[in-house]
Amino acid sequence: NQPGSPVYSMNKFTWPDHPPKVAFPIARPGYPIIFSAAFITFVFALLGLTVPALTGILVTLFICYFFRDPDRPAPAGDDILTSPADGKVIFAGITEGQPFIEGRCTKISIFMSVFNVHVNRIPFDGEVTNIAYNPGKFFSANLDKASLENEHNAVFIRTKTGADICVVQIAGLIARRIICNVSKNDQVSRGRRFGMICFGSRLDVYLPESFQLDVGVGDRVSATSSILGILK
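About the criteria used
Residues numbered from 1 in each chain as written. Predicted model: local features only at pLDDT ≥ 70, side-chain atom pairs only at ≥ 80, totals over all residues. Heavy atoms only, no water. pLDDT = per-residue confidence, 0-100. Helix = DSSP H or I, 4+ residues; strand = E, 2+ residues; numbered from the N terminus. Expected span 1.5 Å × (residues − 1). Buried < 20%, exposed > 50% of the residue type's maximum accessible area, 1.4 Å probe, protein only. Arc of directions from axis to C-beta. Contact = heavy atoms within 4.5 Å. Salt bridge = Lys/Arg side-chain N within 4 Å of Asp/Glu carboxyl O. Pairing = 2+ DSSP bridges. Axes fitted to C-alpha atoms, helices over the stretch in contact; angles between N-to-C directions. Parallel < 35°, antiparallel > 145°, perpendicular 65-115°, else oblique. Left-handed = near helix turned anticlockwise from the far one by under 90°.

Caption draft 1: Highlighting the confidence of the model for the protein chain. Per-residue confidence for the protein chain gives a mean pLDDT of 85; residues scoring 70 or more make up 85%. Confidence, read as mean pLDDT per element, is least for helix 3 (residues 146-149) in the protein chain (67) and greatest for strand 15 (residues 220-221) (95).

This is the structure:
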């Protein structure tokens, strides 16, 4: 290293998933939508419909952009809890009276706009103890009532130290599809991909009251790369 240059430790980050061997990885649920948009665009082009064809190209490119699935290294540390989603923190603090964790608990809500990566990742190592899907309404995901009244899917995880956490995927005003790729009794690791929500949504994390918060309302976070706090 040159004098004054930073020294990086190989143990500061880990790769929870094997990086795909492509330059622009796309989440698998996006392929049918991308192919459909591309096919319709191709038909417009064959018919000589210039404006619809150009519009179709732009729409197809945006769909590719929406379903991007970049690699994310996870910061090392046994007690670090990382963000399960990209987006903006719209709530971070103590709450109670929730159906996901009994009594008072720490809640972090992350709002994902259509411009954010929508692949969701596991925030902490543990075992999936339950998965609870609940059909519901489709209020705007940034509203408080969206947490309980919107369609949502709750993934309950118990850590090796016995702490219970819950990650809730919440549909939004536009979102109509929640994808979850883990099952009860699965052993999961921090940073592993476990699902996504299509086209704008929200993700809530419920943690023990003793959780040491390291983010606040208004912060921008990235799945796996951003640390939400310390879970003892």
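Caption draft 2: Just helix 2 (residues 50-66), in detail. Along its 17 residues, helix 2 runs 24 Å from first to last C-alpha, staying within 8% of the 24 Å computed at 1.5 Å per residue. Where helix 2 is concerned, the buried positions are A53, G56, T60, I63, C64 and F66. The buried residues of helix 2 occupy one face: seen down the axis, they fall within an arc of 155°. Opposite the packed face of helix 2, turned more than 90 degrees from it, sit the exposed residues T50, V51, L54, L58 and L61. Taken together, the buried residues of helix 2 touch helix 1 (31-46) and strand 12 (193-197).

Caption draft 3: Quick peek at the pattern of salt bridges. If you walk through the whole model with that rule in mind, you get 8 salt bridges. Residues D69 and R121 are paired through a salt bridge, measuring 3.7 Å at the closest nitrogen-oxygen approach. In this pair, D69 is assigned in the loop between helix 2 and strand 2 (74-75) and R121 in strand 6 (residues 119-121), connecting sequence segments 52 residues apart. Between R158 and D164 there is a salt bridge, with the nearest N and O atoms lying 2.7 Å from each other. A network of salt bridges, in which partner residues are shared, links D69, D71, R121 and R193.

Caption draft 4: Examining the sheet that holds strand 15 more closely. The 8 strands lie next to each other as 11-7-8-9-13-5-4-15, forming an open sheet whose pairing is antiparallel. Of all the strands in the sheet, the pair left with one neighbour each is strand 11 (187-188) and strand 15. As paired strands, strand 7 (residues 126-134) and strand 8 (residues 152-158) are joined by 7 bridges and run antiparallel to one another. Across the sheet, V128 pairs through a bridge with I157, a residue of strand 8.

Caption draft 5: Summary view of the environment of I230. With respect to the helices, strands and loops of the structure, I230 is situated in strand 16 (residues 227-230). A sequence separation of 17 residues divides I230 from L213, and the C-alpha atoms of the two residues are 6.8 Å apart. With residues up to four places along the chain from it excluded, the contact list for I230 reads D79, I80, F211 and Q212.

Caption draft 6: View of the pairing of strand 13 (residues 201-208). With 7 of 8 residues buried, strand 13 is to be regarded as a mostly interior element. Relative to strand 13, strand 5 (residues 105-112) is paired through 8 bridges, and the arrangement is antiparallel. Each bridged residue has a counterpart across the sheet, and for T106 the counterpart in strand 13 is L207. Here 6 bridges tie strand 9 (residues 164-171) to strand 13, and the two strands are oriented antiparallel to one another. Each bridged residue has a counterpart across the sheet, and for V167 the counterpart in strand 13 is V205.

Caption draft 7: Spatial organisation of the environment of C64. Take C64: it is sitting in helix 2. The class for C64 is buried, based on a relative accessible area of 18%. In the structure, C64 is positioned 40 residues away from F24 in sequence and 9.3 Å away in space, judged by C-alpha atoms. Once residues within four sequence positions are removed from consideration, C64 is found in contact with F24, I26 and I34.

Caption draft 8: How the structure looks around the packing of helix 1 against helix 2. Interaxial distance between helix 1 and helix 2 falls to 8 Å at its minimum, and their mutual angle equals 165°. Considering the angle they form, helix 1 stands roughly antiparallel to helix 2. Taken as a pair, helix 1 and helix 2 cross one another with a handedness that is left-handed. Contacts between helix 1 and helix 2 involve I33, I34, A37, A38, T41, F44 and A45 from the former and P52, A53, G56, I57, T60, I63 and C64 from the latter.

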